[in-house]
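One letter stands for each residue in the lines below.
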Amino acid sequence: MSPNKSACIVMVLFYFFSVNMHNSIIMRPILFTVDTVKKLLEREKVCTLEELMAALGTRSRMTAFRKLGEVPYQTSYSHRGKYYALKGLCKFDESGLWTHRKAWFSIYGTLLETGRNFVDRSDGGYSNAELDGLLHVETKQALLHLFGKGVVSREKVGGVYVYFSSKEQTRKRQVAARSQMRAGASGATAVTVSVLGV
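Along each chain, the written sequence defines residue order, and numbers are assigned to residues from 1. Thresholds applied to this predicted model are a pLDDT of at least 70 for local features of residues and 80 or more for the giving and counting of side-chain atom pairs; totals over whole chains, interfaces and linings are not thresholded and use all residues. With hydrogens and water set aside, each side-chain value is computed from the structure's full complement of heavy atoms.

A.B. asks: Would you explain the nonpolar core in this entry?
C.D. replies: Nonpolar side chains tend to gather and get buried jointly when the protein is soluble and globular. Judged by nonpolar contacts, the single largest core of 15 residues is most densely connected at Y77, L97, L111, F118, L131 and L135. Where this core is concerned, the elements lending two or more residues are helix 5 (111–121), helix 6 (128–135) and helix 7 (140–148). L135 has contacts with Y77, L97, W104, L111, T114, G115 and F118, leaving out every residue within four places of it along the chain. Among buried residues, those of type Ala, Val, Leu, Ile, Met, Phe, Trp, Tyr and Cys that are joined through side-chain atoms within 4.5 Å constitute a nonpolar core. Whether a residue is buried, partly exposed or exposed follows from its accessible area with a 1.4 Å probe, protein chains only, as a fraction of its type maximum: under 20%, in between, or over 50%, in that order. A run of H or I in DSSP becomes a helix once it reaches four residues, and a run of E becomes a strand once it reaches two; helices and strands are each numbered from the N terminus. The contact criterion used throughout is that any non-hydrogen atoms of two residues lie within 4.5 Å.

Here's what the structure looks like:
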């Protein structure tokens, strides 16, 4: 093979590899748009991160989170924050809660913040079972965490722990109201027994 042909082949190969290397390092244009996120949430009302990733056509959780962060979204306090919704589409009731697809959302955000606000705003505090019923989720660990941090207080009432506000004046009012509730319940029981002639 002549030197000229060899030189030509080398130049062609050099050009080929140079072009391919250049193309490989060029950043591809981002195809994921925030409109995709908005349209999905407007249609479905709530969705999981996996559903969002599927709609965006990406396997990257980081990309999905980044696009989600570009819209005003709300995270569910149930299901360990698994569900997301557009804030503007959450139809909260008088207590500040909203549910869709069995996922629960709160104007207060997380389960911890929701539990704290419910306890603070209650008339006579809440037991674990009472708050479970109101929030439709298990609240025992959340209440224990709040109590451990000193965010709420608790007292044993009738053999059951009742959680009250950590604010002194509010706590006193709640404890007094709880005592009245118990007294009223005991009185009603006594009247029923009397009527029955027991």
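A.B. asks: Help me out: how do you make sense of the pairing of strand 7 (residues 152–157) in this one?
C.D. replies: Here, a strand pair is defined by DSSP locating no fewer than two bridges between the strands. Sheet topology note: the strand 7/strand 8 (residues 160–165) ladder contains six bridges and is antiparallel. Bridging from a neighbouring strand, V157 pairs with V160 of strand 8. Connecting strand 7 to the next strand, strand 8, in antiparallel fashion are two residues, including G158 with a positive phi near 60°.

A.B. asks: Which parts of the structure should I look at to understand the environment of G124?
C.D. replies: Tracing the chain through its elements places G124 in the loop between helix 5 and strand 6 (126–127). Residues G124 and V175, spaced 51 residues apart in sequence, show a C-alpha to C-alpha distance of 6.1 Å.

A.B. asks: Which parts of the structure should I look at to understand the packing of helix 2 (residues 34–44) against helix 3 (residues 49–56)?
C.D. replies: To describe two helices that pack against each other, one gives the angle between their axes and the distance between the axes. Geometry is summarised by axes, namely lines fitted to C-alpha atoms with helices restricted to the contacting stretch, and by angles between N-to-C directions that run from 0 to 180 degrees. It is the contact of helix 2 with helix 3, at a shortest axis distance of 10 Å, that shows an interaxial angle of 130°. Comparing the axis directions of helix 2 and helix 3 gives the class oblique. Our pair here, helix 2 against helix 3, has a crossing hand that is right-handed. Along its contact with helix 2, which presents T36, V37 and L40, the element helix 3 presents E51, L52, A55 and L56. Taken together, the residues of the contact of helix 2 with helix 3 sort by class into five nonpolar, one polar and one charged. Between 65 and 115 degrees an angle is taken as roughly perpendicular, under 35 as roughly parallel, over 145 as roughly antiparallel, and anywhere else as oblique. Crossings are assigned a handedness: left-handed for a near helix turned anticlockwise from the far helix by less than a right angle, right-handed for a clockwise turn. For this classification, Asp, Glu, Lys and Arg are treated as charged, while Ala, Val, Leu, Ile, Met, Phe, Trp, Tyr, Cys and Pro are nonpolar and the rest, including Gly, are polar.

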